[in-house]
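# Structural overview for review
Chain residues, written in single-letter form:
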Amino acid sequence: DSGVTQTPKHLITATGQRVTLRCSPRSGDLSVYWYQQSLDQGLQFLIQYYNGEERAKGNILERFSAQQFPDLHSELNLSSLELGDSALYFCASSVEIHSTGNTIYFGEGSWLTVV
Amino acid sequence: AQKITQTQPGMFVQEKEAVTLDCTYDTSDPSYGLFWYKQPSSGEMIFLIYQGSYDQQNATEGRYSLNFQKARKSANLVISASQLGDSAMYFCAMREDSGNTGKLIFGQGTTLQVKP
């Protein structure tokens, strides 16, 4: 158990719909990351938050948005869903932004299927 | 440009034998971190081992060791005494420190199958 909690674990939804994925980081971790894993794209970094503020942005679509709340949990919102958004979405967390020796732990992922 | 390359899409190893999974990286950043993760068929991403670019010694964590060759830009994972439970996908990843973020760049992964 990494200590990173993601909900829901599985989600099936229709095209055009909107979903919210939730992540609770490890106790004490201030950084939260979101990654997408798909068969064709592999593991792609989406976005990072540090202590409530956006820190880095990767290949995140405009239809997707995220935020980190004062209690440090984070949500990834996916809207106007398309079939190609079907993927495994990971949340990860770390203590700081990137300090040397900083280990990054992943949650179990949220499987999203768009039909 | 930062890049991680895992050239072995799939590998087989006999139970109880050692196996090396290859990883090469490309970066111009003098400070970086290298990670290995295991992804079983159930999907979760399990942290295995970490090596910092300035670490003098190769990292070890139980049966896992990282063969870090900085000049060759390689960070191979060595699993000793393979077990059936080691069958999984293995990802090598890199974090560059100059960008002051913790984002990881992942390789394409290597599927390892341990034979009884």
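Here's what I pulled together on the structure shown here. These numbers were taken from a predicted model, which means no experiment stands behind them.

Procedures and definitions
Residues numbered from 1 in each chain as written. Chains lettered and ligands numbered in written order. Predicted model: local features only at pLDDT ≥ 70, side-chain atom pairs only at ≥ 80, totals over all residues. Heavy atoms only, no water. Pairing = 2+ DSSP bridges. Helix = DSSP H or I, 4+ residues; strand = E, 2+ residues; numbered from the N terminus. Axes fitted to C-alpha atoms, helices over the stretch in contact; angles between N-to-C directions. Salt bridge = Lys/Arg side-chain N within 4 Å of Asp/Glu carboxyl O. Buried < 20%, exposed > 50% of the residue type's maximum accessible area, 1.4 Å probe, protein only. Disulfide = S-S within 2.5 Å.

### Description of the sheet that holds strand β1 (residues 5-7) of chain A
All names here are of chain A. Read from one edge to the other, the open sheet built from four strands follows the order β1-β3-β8-β7, with strand pairing classed as antiparallel. The open sheet is flanked by β1 and β7 (64-68), the only strands paired with a single partner. For this sheet the average axis-to-axis angle between neighbouring strands, irrespective of direction, equals 15°.

### Some words on the pattern of salt bridges
According to the stated counting rule, one finds seven salt bridges over all chains in the structure shown. A salt bridge links A:K9 to A:E108; the shortest N-O distance between them is 3.9 Å. With A:K9 in the loop between β1 and β2 (10-13) and A:E108 in the loop between β10 (105-106) and β11 (110-114), this residue pair connects regions lying 99 residues apart in the sequence. For A:K9, a relative accessible area of 44% corresponds to the partly exposed category. Across the salt bridge formed by B:K73 and B:D26, the nearest N and O atoms sit 3.7 Å from each other. Highlighted residues: B:K73 in the loop between β8 (64-69) and β9 (74-79) and B:D26 in strand β4 (residues 24-26), separated in sequence by 47 residues. Several salt bridges share partner residues, and in doing so they unite A:R63, A:E82 and A:D85 into one network.

### Quick look at the state of the cysteines
This structure, assessed with the given rule, holds two disulfides over all chains. What pairs with A:C23 in a disulfide is A:C91, and their sulfur atoms sit 1.8 Å apart. Its S-S torsion of about -55° marks the bond between A:C23 and A:C91 as left-handed, since a negative value means left-handed. Of this pair, A:C23 sits in strand β3 (residues 19-24) while A:C91 sits in strand β9 (residues 87-94), placing them 68 residues apart in sequence. Taken as a pair, A:C23 and A:C91 share a single burial class, namely buried. Note that B:C23 is cross-linked by a disulfide to B:C92, the S-S spacing being 2.0 Å.

### A closer look at the pairing of strand β10 (residues 88-96) of chain B
Residues and elements named next belong to chain B. Burial runs high along β10: eight of the nine residues are buried. The pairing of strand β5 (residues 32-39) with β10 spans eight bridges and is classified as antiparallel. The residue of β10 that forms the bridge with Y37 is F91. Looking at chain direction, β10 and strand β12 (residues 110-115) are connected through three bridges and run antiparallel. Bridge pairing links M89 to T111 in β12.

Everything listed here is a matter of geometry and, on its own, says nothing about what the molecule does.
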